[in-house]
Structure formats: structure tokens, C-alpha cells
Amino acid sequence: MATIHDVVVESRHPASLARFWAAALDGYAVAPYDEEELARLAGNGIFDPEDDPSVLVEAAPGVRPRFFFVLQPEPKAAKNRIHLDLRAEDRPGEVARLAGLGASVLSEHDGWTVLADPEGNEFCVRD
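Here's what I pulled together on the structure shown here. Model, not experiment: these values are computed from the prediction. (Residues numbered from 1 in each chain as written. Predicted model: local features only at pLDDT ≥ 70, side-chain atom pairs only at ≥ 80, totals over all residues. Heavy atoms only, no water.)

**Focus: the packing of aromatic side chains**
Stated precisely, the cut-off is as follows: Think of it this way: a Phe, Tyr or Trp ring, Trp meaning its six-membered ring, pairs with another when their centres are within 6.5 Å, and the plane angle makes it stacked under 30 degrees, edge-to-face over 60, tilted otherwise. When accessible area is computed with a 1.4 Å probe and restricted to protein chains, residues below 20% of their type maximum are described as buried, those above 50% as exposed, and intermediate ones as partly exposed. By definition here, charges over rings are those cases where NZ of Lys or CZ of Arg is within 6 Å of the ring centre and within 35 degrees of the ring normal.
For the structure on display, the rule yields 4 aromatic pairs. Residues F20 and W21 carry aromatic rings whose centres are separated by 5.2 Å and whose planes lie at 90 degrees to one another, so their mutual orientation is edge-to-face. Residue classification places W21 among the buried residues on the basis of a relative accessible area of 6%. Through successive ring pairs, a cluster of aromatic residues spans F20, W21 and F123. One residue, R126, lies across the ring of W112, its end atom 5.0 Å from the ring centre.

**With respect to the nonpolar core**
To be explicit about the condition: Here the nonpolar core consists of buried residues drawn from Ala, Val, Leu, Ile, Met, Phe, Trp, Tyr and Cys, with membership extended through side-chain atoms lying within 4.5 Å. The helix and strand labels rest on DSSP assignments: H or I over at least four residues marks a helix, E over at least two residues marks a strand, and numbering proceeds from the N terminus. Contacts were defined at the residue level, with two residues in contact if any of their heavy atoms lie within 4.5 Å.
The biggest cluster of nonpolar side chains holds 23 residues, and the ones touching the most others in it are W21, F69, L98, F123 and V125. Secondary structure elements with two or more residues in this core: α1 (14–24), β3 (54–58), β4 (66–71), α3 (91–101) and β8 (122–126). No other element matches the 7 residues that α1 contributes to this core. When near neighbours in sequence (up to four residues on either side) are disregarded, F123 contacts F20, W21, H83, L84, L86, L98, A103, T113, V114, L115, A116 and D117.

**Brief notes about the sheet that holds strand β1 (residues 6–11)**
Using the following cut-off: Here, any two strands with at least 2 DSSP bridges between them count as paired. An axis is simply a line fitted to the C-alpha atoms; with a helix, the fit covers only the stretch in contact. Between two such axes, the angle follows the N-to-C directions and lies from 0 to 180 degrees.
Pairing is mixed in the open sheet, where 4 strands are placed in the order β1-β4-β3-β2. Of all the strands in the sheet, the pair left with one neighbour each is β1 and β2 (29–30). Those strands touched by α1 are β1, β2, β3 and β4, and its axis lies near 155 degrees from that of β4.

**What to know about the sheet that holds strand β7 (residues 112–116)**
The 4 strands are arranged β5-β8-β7-β6 in an open sheet whose pairing can be described as mixed. The outermost strands of the open sheet, each flanked by one partner alone, are β5 (85–87) and β6 (104–109). If you compare each strand with its neighbour and ignore which way they point, the axes differ by 25 degrees on average. Bridge count between β7 and β8: 5 bridges; the pairing is antiparallel. Across the sheet, residue A116 finds its bridge partner in β8, namely E122.

**Remarks on α3**
Along an α-helix, residues three or four positions apart point the same way, because every turn accommodates 3.6 residues. Worth spelling out the cut-off: The directions from the helix axis to the C-beta atoms are what the arc is built from. The definition of a polar contact used here is a pair of N or O atoms within 3.5 Å, where within protein one atom must be able to donate a hydrogen and the other to accept one, and adjacent residues in sequence count solely through side-chain atom pairs.
Within α3, the full set of buried residues consists of R91, E94, V95 and L98. Here the buried residues of α3 occupy an arc of 100 degrees about the axis, which is enough to place them on one side. Seen from the buried face of α3, the exposed residues on the opposite side, beyond 90 degrees, are P92 and G100. For α3, the elements touching its buried residues are α1, β5, β6, β7 and β8. Two or three places before G93, at the opening of α3, D90 has a side-chain oxygen 3.1 Å from that residue's backbone nitrogen. In the stretch just after α3, G102 is the one whose phi turns positive, near 125 degrees.

What is shown is where atoms sit, not what they do.
Below, the structure is given as C-alpha cells:
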């Protein structure tokens, strides 16, 4: 039986989108860069983590799914075929918080709000 290991999100700028989702999701953070990871990046000609083409957002060790934000220079062209549904006890408050982080409200419905992250990927917040 398969289980979700990671969710991979293509992005024009992985570092900034990873920061958005780390702030949006309770208990998640951008994985820290240790010396080994910085050396691996440098070996690939990347000297600033802001230019990392693959940024990991994770929760506590062993908690899944993890989120990888990977470089995809082409802009998003159509509606997502899959999206995240988030749940919040205070949906209007959470929508306002996410908008403050850079999300855009696309539509309001009875019991849920459709938003887009800073790169236009749709997601929902439900009661």
C-alpha cells in the first residue's frame, strides 16, 4: 500500500515559495542549511541558498508529507489539477493571515475560500 512521502511543487523561485508555505502550514519550517548542504550547493555552482533549485519544507522528523519546492522557470499556465485543502477553526482569520503572507483570495464559498499562493497555485481554506 502506498503512502504520501513528499509533495513536490514546481516553482519559479523555490526559496520564496518555500518560505510562504512554511509560514502557512502549522508546524512546518524550511529545512536548515548545514555545512554539508551548503558544500553540495557550492559544488553545483550555487553560492546562495536563495538560489537553491530544490528547497525542502518539513515538520518534525518523521512527519509526512514533506514539501519540496523545485525550480521550474516556465510560469504556471492553467488551473491546478491537484491542490491542498487546509482546515482552520477561524477561516476568515486564517484567510486574512495567509493574504498577509502573500496569498490572493480568488473566491468565497459557503464553508471554504479559494486562494492562490504567491506563484498562483490554488488552494482552499475550509471551516
